[in-house]
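# Observations on the three-dimensional arrangement
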Amino acid sequence: MKKPKEMKVKPIKNGTVIDHITANKALNVLRILNLPDKKSKVTIAINVLSPNMGSKDIVKIENRELYSSEVDQIALIAPNATINIIRDYEIVEKGKIQLLNEIKGLLNCPNPNCITNTGEPVIKRFYVIKKEPVILRCHYCERIVEEDEIESQF
């Protein structure tokens, strides 16, 4: 019996690797980052084995570093992810995503009667009730927002 060939993913010279993404959430991460686009080379691994997580997703993006607002959004759907910044094939910065205790301006409240959905000039604010799975509470109407409602906004 022949030994199966291994596929190897080419390392990136410069860019970002998002690792330890919750399994099956990589496509949501791509939506947050507006990828794919005509410029960026993206490598995606979905449901790969992980000794710590069981399974995980990985996203590699060449020639792009993330904005803090993008990292904040990714934290909502993949609170255990890590971000690696690559320059000249070396990891120059590595950090774990931090889900803040308060989320401002990133999400809409799903309650149609919430003041944030009436055209009033207020900043949308949510408090993190639980970090895994992510559960939020609206500052204004106190509506509980669960993971599926968060993901549907990306």
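Below or above, wherever it landed, is the structure these notes cover. Keep in mind that this is a model prediction, so the values were computed, not measured. Residue positions are counted from 1 within each chain, in the order its sequence is given. For this predicted model, a pLDDT threshold of at least 70 governs which residues receive local features, and a threshold of 80 or more governs which side-chain atom pairs are given and counted, while totals over whole chains, interfaces and linings are taken from all residues. Neither water nor hydrogens contribute to the side-chain values; these are computed over all heavy atoms in the structure.

## Section: the pattern of salt bridges
Where we set the bar: Each salt bridge in this description consists of a side-chain nitrogen of Lys or Arg and a carboxyl oxygen of Asp or Glu lying within 4 Å of one another. Helix and strand assignments come from DSSP, with helices taken as H or I runs of at least 4 residues and strands as E runs of at least 2, each series counted from the N terminus. When accessible area is computed with a 1.4 Å probe and restricted to protein chains, residues below 20% of their type maximum are described as buried, those above 50% as exposed, and intermediate ones as partly exposed.
Using the criterion set out here, one finds 6 salt bridges in the structure. The partner of E102 in a salt bridge is R125, and the shortest N-O contact between them spans 2.6 Å. Separated by 23 residues along the polypeptide, E102 in strand β6 (residues 102–104) and R125 in strand β7 (residues 125–131) bring together distant segments of the chain. For E102, a relative accessible area of 25% puts it in the partly exposed group. Residue R125 is classed as partly exposed on the basis of its relative accessible area of 22%.

## Notes on the sheet that holds strand β8 (residues 134–138)
Basically, it comes down to this: Two strands pair under a simple rule: DSSP has to find at least two bridges between them.
Overall, antiparallel pairing links the 4 strands, which are arranged β6-β7-β8-β9 in an open sheet. Of all the strands in the sheet, just β6 and β9 (144–145) have a single pairing partner and so form its edges. The pairing of β8 with β9 spans 2 bridges and is classified as antiparallel. Bridging from a neighbouring strand, R137 pairs with I144 of β9.

## Some details on the nonpolar core
Note the threshold: To qualify as a nonpolar core, a set must consist of buried Ala, Val, Leu, Ile, Met, Phe, Trp, Tyr and Cys residues joined through side-chain atoms within 4.5 Å. For this analysis, residues touch if any pair of their heavy atoms sits within 4.5 Å.
Ranked by internal contacts, the top residues of the largest apolar core, which has 33 residues, are I18, L33, I74, L76, L136 and I150. Of all the elements in the fold, those that place two or more residues in this core are β1 (15–22), α1 (26–32), β3 (54–62), α2 (68–77), β4 (82–87), β7 and β8. Non-local contacts of L33, meaning those with residues more than four positions away in its chain, are made with I18, I61, R64, L66, E70 and I74.

## So, the environment of K96
The following threshold applies: Polar contacts, as counted here, are pairs of nitrogen or oxygen atoms within 3.5 Å of one another; within protein the pair requires one atom able to donate a hydrogen and one able to accept it, and residues that are adjacent in sequence qualify only if both atoms are side-chain atoms.
Within the fold, K96 resides in strand β5 (residues 90–96). Residues K96 and I83, 13 residues apart in the sequence, show an inter-C-alpha distance of 6.2 Å. The contact partners of K96, leaving out residues within four places of it in the chain, are P79, N80, A81 and T82. At 3.5 Å, the side chain of K96 and the side chain of N80 are in polar contact.

## Some details on unusual backbone geometry
Cis geometry marks the peptide bond from L35 to P36; its omega dihedral reads 0 degrees. Following E132, the chain continues into P133 via a peptide bond in cis, with omega recorded as -10 degrees. Here P133 lies in the loop between β7 and β8. Backbone geometry places N47, a non-glycine residue, at a positive phi of 60 degrees. The residue N47 is located in strand β2 (residues 42–50) in this model. Look at Y89: it is not a glycine, yet its phi comes out positive at around 65 degrees. Position of Y89 among the secondary structure elements: in the loop between β4 and β5. Residue classification places Y89 among the partly exposed residues on the basis of a relative accessible area of 49%.

## Considering the sheet that holds β4
Cut-off, in case you're wondering: Only the stretch in contact is used when fitting a helix axis, every axis being a line fitted to C-alpha atoms; angles between N-to-C directions are given from 0 to 180 degrees.
One open sheet accounts for 5 strands, arranged β2-β3-β1-β4-β5; its pairing is antiparallel. On the outer flanks of this sheet lie β2 and β5, each paired with one strand and no other. Recorded for the sheet is a direction-independent mean angle of 20 degrees between the axes of neighbouring strands. Relative to β3, β1 is paired through 6 bridges, and the arrangement is antiparallel. Looking across to β3, one finds that G15 is bridged to E62.

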